[in-house]
Amino acid sequence: MTVISVHIKCAPAHYLSPHVCWHNGAVPGEPVKKDENSRRGNWGNQIEFVLTSVGYAVGLGNVWRFPYLCYRNGGGAFMFPYFIMLVFCGIPLFFLELSFGQFTSLGCLGVWKVSPMFKGVGYGMMVVSTYIGIYYNVVICIAFYYFFMSMTNLLPWTYCNNPWNTPDCTGVLGTSRANTTFANVSAVMSGLTEIVNRTKRTSPSEEYWRNYVLNISDGIGNFGEVRLPILGCLAVSWVVVFLCLIRGVKSSGKVVYFTATFPYVVLTILFIRGITLEGAVSGIKYYLTPQWEKILDAKVWGDAASQIFYSLGCAWGGLITMASYNKFHNNCFRDSIIISVTNCGTSVYAGFVIFSILGFMAHHLGVDVSEVADHGPGLAFVAYPEALTLLPISPLWSLLFFFMLILLGLGTQFCLLETLVTAVVDEIGTDWIIKNKTYVTLGVAIIGFLLGVPLTTQAGIYWLLLIYIQKKLIMVTTTIFLKNYLVLALKYVSPTPKQLINRFLPLQRLKNSVKPDPDWGPALQEHRKGRYATTGPESVEVCPLKEDLKDEGKEKLKETEDEIGLTIPGSNGSTLNPSPSA
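Residues numbered from 1 in each chain as written. Predicted model: local features only at pLDDT ≥ 70, side-chain atom pairs only at ≥ 80, totals over all residues. Heavy atoms only, no water.

1. Focus on the overall build of the chain
Reasoning step 1: When its secondary structure is counted, the chain shows 23 helices and zero strands.
Reasoning step 2: Taken over 582 residues, the chain has a buried fraction of 48%.
Reasoning step 3: Pairs at least 24 apart in sequence give 80% of the contacts found in the chain among residues at least 6 apart.
Reasoning step 4: As presented, the chain carries roughly 28400 Å² of accessible surface, and 65% of it is formed by carbon and sulfur atoms. (Helix = DSSP H or I, 4+ residues; strand = E, 2+ residues; numbered from the N terminus. Buried < 20%, exposed > 50% of the residue type's maximum accessible area, 1.4 Å probe, protein only. Contact = heavy atoms within 4.5 Å. Areas by Shrake-Rupley, 256 points an atom, 1.4 Å probe, with all protein chains shown as cover.)

In structure tokens, the structure reads:
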């Protein structure tokens, strides 16, 4: 018999507990990282959570909504109510949602075990995330389309001599692309200025957007045909989102190292290019010049509050979901301040990038900056692309701009999809659904793609705006319904309030609905202390998956000595015990 002794080096007891052995090719001296919550998983490290949350909060609205709100509501004076709302409303609510998710390690549905009566709020978050996820990916797919169309020597929205242009089209570079010089451009500026002042000019970028990219129909009921290029880009968008979330936060946490940081590189490049252009200073002045009298307008404060809530993504369920993958003792208060301040700082910084280019464009047209300023899709797909045609090597700047929009959109879309998937997985909670979470992600992505197909038709832009409006109306409608339910019932259903309560709201059921579930609290037993400590049959412990139990069982069977001998009988019946160095 021949004996072969295999020696496996194990970590010392003080380094890892229980002992974790290194196998083929592992680097000695480095501990093997294990998730604190082995059943559900955690972020690889805290940087991944911060970057993901920054990518979620910093989205398209920071680029196309905040700069417009700022100049419309008093320029630099708008910063005062904006940061007041950030300090007293934004950061506290942001911290609340992070704490909520991190404490329970549950998504936007599971956290309402604290008071089951309000679980409908969780479903409302899912509905909002669904609405936003559908139209957000359509916007991303259009950015993909513009990105692909920028891969050319001449941007297709530069001139007015295309089949989709109308006689009303007036380009800032004339109608011919042959031998156009700066002198020629200057010569026609006076004529263009007269046209702009006389009528509302139709730019080649606007006609490219309306007549070619969207090919808009005459009404919301006339769907027309599916725009196949947009449909293809929509498929690309959903495939990218799915692949980045194929392993949940384990894969998306790696992707955000690029998607959350590179937009700042592009912003900086565009900012440096923008401030070197003629007229950029006037654009920035228009953006920042304070109009202090507007601070007394309640609408300005309302816009500041809505922008804070919209930009930070509060009440969408994404913050709760992302924080639920944190370790229990993570400093989420620090994270909430870092992420919130970064988000608002990005909005202000993006304003410089946008208005430096718009100031340059207004200077060339000889008009006020307000004539070319826009917001929403009009800024991203009409005003800014037209301004880029005035720059040398315009396709390069267009590629950078739309690539930045794609990354900003994807950062938010990752969290929107993960919010829905996590809510479903947590609600079902079986070992099978947790093990096969990838299939849930795939299913949600396919459903999202199918729901987005009508938005790629010729009437898609109408439905896109309708979805956006409906998303805002959901919360308002719910509030009004809750406020007046009781009044209508008292008037038409029951003659006395006591009968109404007995019929619709049994007292005991009402009491139970506002009490926390027995398993409300930290997910892991080791963290359930004080008021959340449970003993006996009511003990709550999140059980690991069956595969993890098998692995733990195998580890317990191993010897805890530094060297383990494995004896294998040989064919000749002898034994051999080589030394550890053998």
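2. Looking at the side chain of Gln307
Reasoning step 1: Relative to the helices and strands, Gln307 resides in helix α12 (residues 298-312).
Reasoning step 2: Those residues in contact with Gln307 that lie beyond four places of it in its chain are Gly61, Arg65, Phe66, Leu69 and Tyr82.

3. Some remarks on helix α8 (residues 228-244)
Reasoning step 1: With 17 residues, α8 should cover 24 Å at 1.5 Å per step; its first-to-last C-alpha distance of 24 Å lies within 8% of that length.
Reasoning step 2: Every buried residue belonging to α8 is among Ile230, Cys233, Leu234, Ser237, Trp238, Val241, Phe242 and Cys244, and all of these are buried.
Reasoning step 3: On the buried face of α8, the contacting elements are α5 (119-149), α7 (204-213), α9 (249-259), α17 (394-428) and α19 (437-452). (Expected span 1.5 Å × (residues − 1).)

4. Description of the confidence of the model for the chain
Reasoning step 1: Within the chain, residue pLDDT values average 79, and 75% of them lie at 70 or more.
Reasoning step 2: At the low end of the mean pLDDT range in the chain sits helix α6 (residues 182-198), at 39; at the high end sits α8, at 96.
Reasoning step 3: Low confidence marks residues 536-542, where pLDDT is under 50. Its contacts with residues over four positions away, or in another chain, come to twelve contacts. (pLDDT = per-residue confidence, 0-100.)

5. Description of the state of the cysteines
Reasoning step 1: Applying the stated criterion across every chain yields a total of one disulfide.
Reasoning step 2: Between the sulfur atoms of Cys160 and its disulfide mate Cys169 the distance is 2.0 Å. Negative torsions about the S-S bond denote left-handed disulfides, and the value of about -65 degrees found for Cys160 with Cys169 makes this one left-handed. Just as Cys160 is buried, Cys169 falls in that class too.
Reasoning step 3: Distance from the sulfur of Cys233, which forms no disulfide, to the nearest cysteine sulfur (Cys141) is 6.1 Å. (Disulfide = S-S within 2.5 Å.)

6. Overview of the packing of helix α10 (residues 262-275) against helix α14 (residues 332-365)
Reasoning step 1: Following both chains from N to C, one finds α10 and α14 inclined at 35 degrees, their axes separated by 8 Å at the closest point. The crossing of α10 and α14 is left-handed. From α10, Tyr264, Leu267, Thr268, Leu270, Phe271, Gly274 and Ile275 reach across to α14, where they touch Thr342, Thr346, Tyr349, Ala350, Phe352, Val353, Ser356 and Ile357.
Reasoning step 2: Of the residues that constitute the contact of α10 with α14, the class distribution is ten nonpolar, five polar and no charged. (Axes fitted to C-alpha atoms, helices over the stretch in contact; angles between N-to-C directions. Left-handed = near helix turned anticlockwise from the far one by under 90°. Nonpolar A, V, L, I, M, F, W, Y, C, P; charged D, E, K, R; others polar.)

7. Examining the UniProt feature "binding site: Na(+)" (unreviewed entry) in the chain
Reasoning step 1: In this structure's numbering, the residues bearing the UniProt feature "binding site: Na(+)" (unreviewed entry) are Gly55, Ala57, Val58, Asn62, Ser311, Asn343 and Leu408. A maximum C-alpha distance of 12.1 Å is found for the annotated residues, which run over 354 residues; spatially they form one tight group.
Reasoning step 2: Residue placement: Val58 occurs in the loop between α1 (46-57) and α2 (60-64).
Reasoning step 3: For Val58, the residues in contact, after removing those within four places along its chain, are Tyr264, Asn343, Thr346, Leu408 and Thr412.
Reasoning step 4: Mapped onto the elements, Leu408 comes out in helix α17.
Reasoning step 5: The residues touching Leu408, leaving out its near neighbours within four places in the chain, are Gly55, Val58, Gly59, Leu60, Val63 and Pro263. (UniProt positions renumbered as here; feature names shortened; annotations may be inferred.)

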